[in-house]
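Descriptive analysis of the structure
Each chain, letter by letter, is given below.
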Amino acid sequence: MTSPLAQFQRRKKPKEPSARPAEFPSSARPSTLRSRCRRWADPTAVALATLLIAWRASALGQWIVDDAAITFAYARSIDEGLGPVQQPGADPVEGYSNPSWLALLIVGRRLGLFDHGALLGVSDLVLYPKALALLCTAGVLACVAVAARAVLPGRAWAVTLFAGVVLAANLSYVAWTFSGLENPLYALTAAATGALLVRSVVRGTLLRPAVAATAGAIALLAALTRPDGAVLAAAYPVTVLLFLRRDGIARAVRAAALSCATFALPYGAFLLWRRATFGLWVPNTAVAKAQKPPRPGQLATAGELLTYGGWALALIGAACAGIALARPGAPRRALAALLVPLALTLLAYGVLGRDWMALYRFATPVWVLAATAFALAAGTVWRAEGPRARVLLGCALAGALLLSVTGQAAQNRKFVHRPTLSMCFVAERYGDTFNAYATRLGLRDATVALPDLGGTLLTSRLRVLDLAGLTDRRVADAYAARDTAALRHHVLHEVRPELLHVHAAWTAKTGLTEPLLATAGYVPLYREGNGGDYVRSDAVRDPARITALRERVRPSLDAMVAEMRPAGCAPALRAGEETTA
């Protein structure tokens, strides 16, 4: 029997507490902050490394190498509906070897971002290609972060930042990335190939059709950016072979075939278009350079990159890579995959041989892949070692990097003071100067023959004959046949340009020496070393004009040639307009 007190207590319901928001433990807030930091660590590292490289590039100011301006001239002609010609009225010649980079320039011009004017007094001929270079640099570092996240997810930011520091310390990479040439896009394709291979090998997705097709598409973009970029088409099949398992042979063959087909079919169609349009299987630039088949000793030129990059840095990188490759696991597979495109780009660099331009212009993809492999290897060793070994490794890396920078210092200072022939200098020295010659000598509908082309094409109102042969089929064929007599006959007896310029190595290469030019009726307007500026005397009605002009131009040209720097580019480089700001 229940007591009255118990019944009362049963009927009485306790009051429910008022609803209050649940309180999270104080430890949750730091955890949320840590997760946010992790989420933003990699993008922050990419941004900081990009800014560091951009800051290093700022030392070169508005420098754009003159060879880049040849592609600029083709972008102008194509966008204006003239077709792939160097200037209005010229024959179609593939005087460029970077169609994908050319396409980006055409898009920029169509959007009003390129070859239209200036922003804050700086020509968009300078700003737009440098902006593209900056975007490609960020893309390269993003690829490094993707590769690092697959191998060292907690330390991807550190790997990315270290790779960025290594690249920023290398003026060869920085200068040619921001030169106006196609180097940044080529570097991006190399970095993307490396990131794709590393990620797929670590995750076990290497043989998936999407990975195979993506590898082929990236290689296609690389081949359309630079002819030697085609070597990246071998990166995926070689990596598949490297990780081939007996029970997956059929699947591996199918994946490699898909990658090769993704590359070969569109690239083959492009080659057929080239043959139908220009009558050649290779760009005219390749014909003009008349490159010989590679010799075994020629591949040793890749060793020059080790000297420039720094032997201490190379040895420490090799030691870290060796330690990482000796230990089984994801880092070992990742580094093995990354070394495939690195080896291929090194091979391509060796086959190309030495370039006349300073600071290893063709090595850009090598620097990117080497810095990525170095950073991944160092990060792997760092993670595996204790505090004492980490201190030693950090000191060794810092010391090697310092030695690398100081070892490059003299060569870099020389380049910064007088970089490879600039677009603005050529526009002023040859475009402006020969326009003025034609005006003061009364030459109408005249032709000028010279070897420095880019800035000239953008500014000259004269017909231009390229003595380097890059944009002229007849001259290129003469170089390819090593028949300089045919070249001289074409220039002096068939074209007979009213104005002509040769200097330095071009005098010997063409054989257009002063005695030969005098015999052909040319007299000097300005002497420069073993060559100079010449006019065909019978094209000028009043010989007194030649004497007066010769005296007038000497002081200004002496100063310009001695300094090898332009007075400054105008906001736009146009035919017949003054290029000095």
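Model, not experiment: these values are computed from the prediction.

Here we take up the packing of helix H5 (residues 124-151) against helix H6 (residues 156-168). Direction vectors running N to C along H5 and H6 enclose 140°, while the axes themselves pass 8 Å from each other. Classed by the angle they form, the pair H5 and H6 counts as oblique. Read as a crossing pair, H5 and H6 show a hand that is right-handed. Contacts from Leu141, Val144, Ala145, Ala148 and Arg149 in H5 reach Ala156, Val159, Thr160, Ala163 and Gly164 in H6.

As a further point, take the nonpolar core. Proteins that are soluble and globular tend to have nonpolar side chains buried together. Core analysis: the largest hydrophobic core is formed by 163 residues, its most contacted members being Phe72, Tyr173, Tyr236, Met423, Tyr437 and Leu499. Top element by residues in this core is H5. It accounts for 15 residues. Apart from residues no more than four positions distant in its own chain, Tyr437 is found in contact with Leu499, Leu525, Tyr526, Asp533, Leu549, Val553 and Leu557. Counting 16 residues, the second-largest nonpolar core is a separate cluster that includes Ala449, Leu465, Tyr479 and Leu500.

The next thing to look at is the sheet that holds strand E5 (residues 499-502). The sheet built from 5 strands is open, its strands ordered E4-E3-E5-E7-E6 with mixed pairing. Two strands bound the open sheet, and with one partner strand each, they are strand E4 (463-466) and strand E6 (522-528). The average undirected angle you get between the axes of adjacent strands in this sheet is 20°. Helix H21 (residues 484-495) contacts strand E3 (447-450), E4, E5 and E6 of the sheet and is inclined by roughly 155° relative to E4. Along the sheet, helix H24 (residues 543-563) makes contact with E6 and strand E7 (531-536), crossing E6 at roughly 25°.

Okay, the pairing of E3 next. Side chains Thr447 and Ala449 of E3 all project onto a buried face; the interleaved residues Val448 and Leu450 project onto the opposite face, where all are buried too. Pairing geometry for E3 and E4, over 4 bridges, is parallel. Considered in E4, the bridge of Val448 is made with Val464. Handedness of the crossover is the feature at issue here: the chain leaves E3, passes through helix H19 (residues 454-459), returns alongside E4, and the resulting connection is right-handed. Pairing analysis gives 2 bridges linking E3 to E5, with the strands arranged parallel. Bridge pairing in E5 places Ala449 opposite Leu500.

Here we come to empty space enclosed by the protein. The tally for this structure, following the rule as stated, stands at 1 cavity of 30 Å³ or more. Volume-wise, the largest cavity comes out at about 30 Å³. In this structure, the largest cavity is lined by Cys143, Val144, Ala147, Ala191, Gly194, Ala195, Leu338, Leu369 and Thr372. Counted by class, the lining of the largest cavity contains 7 nonpolar, 2 polar and no charged residues.

Conventions adopted
- Residues numbered from 1 in each chain as written.
- Predicted model: local features only at pLDDT ≥ 70, side-chain atom pairs only at ≥ 80, totals over all residues.
- Heavy atoms only, no water.
- Axes fitted to C-alpha atoms, helices over the stretch in contact; angles between N-to-C directions.
- Helix = DSSP H or I, 4+ residues; strand = E, 2+ residues; numbered from the N terminus.
- Parallel < 35°, antiparallel > 145°, perpendicular 65-115°, else oblique.
- Left-handed = near helix turned anticlockwise from the far one by under 90°.
- Contact = heavy atoms within 4.5 Å.
- Core = buried A, V, L, I, M, F, W, Y, C linked by side-chain atoms within 4.5 Å.
- Buried < 20%, exposed > 50% of the residue type's maximum accessible area, 1.4 Å probe, protein only.
- Pairing = 2+ DSSP bridges.
- Right-handed = clockwise from strand over helix to strand, strands pointing away.
- 1 Å grid on protein atoms, 1.4 Å probe; cavity = no way out; pocket = protein on both sides within 12 Å on 5 of 7 lines; lining within 4 Å.
- Points joined across faces, edges and corners; volume = space filled by probe spheres on them.
- Nonpolar A, V, L, I, M, F, W, Y, C, P; charged D, E, K, R; others polar.

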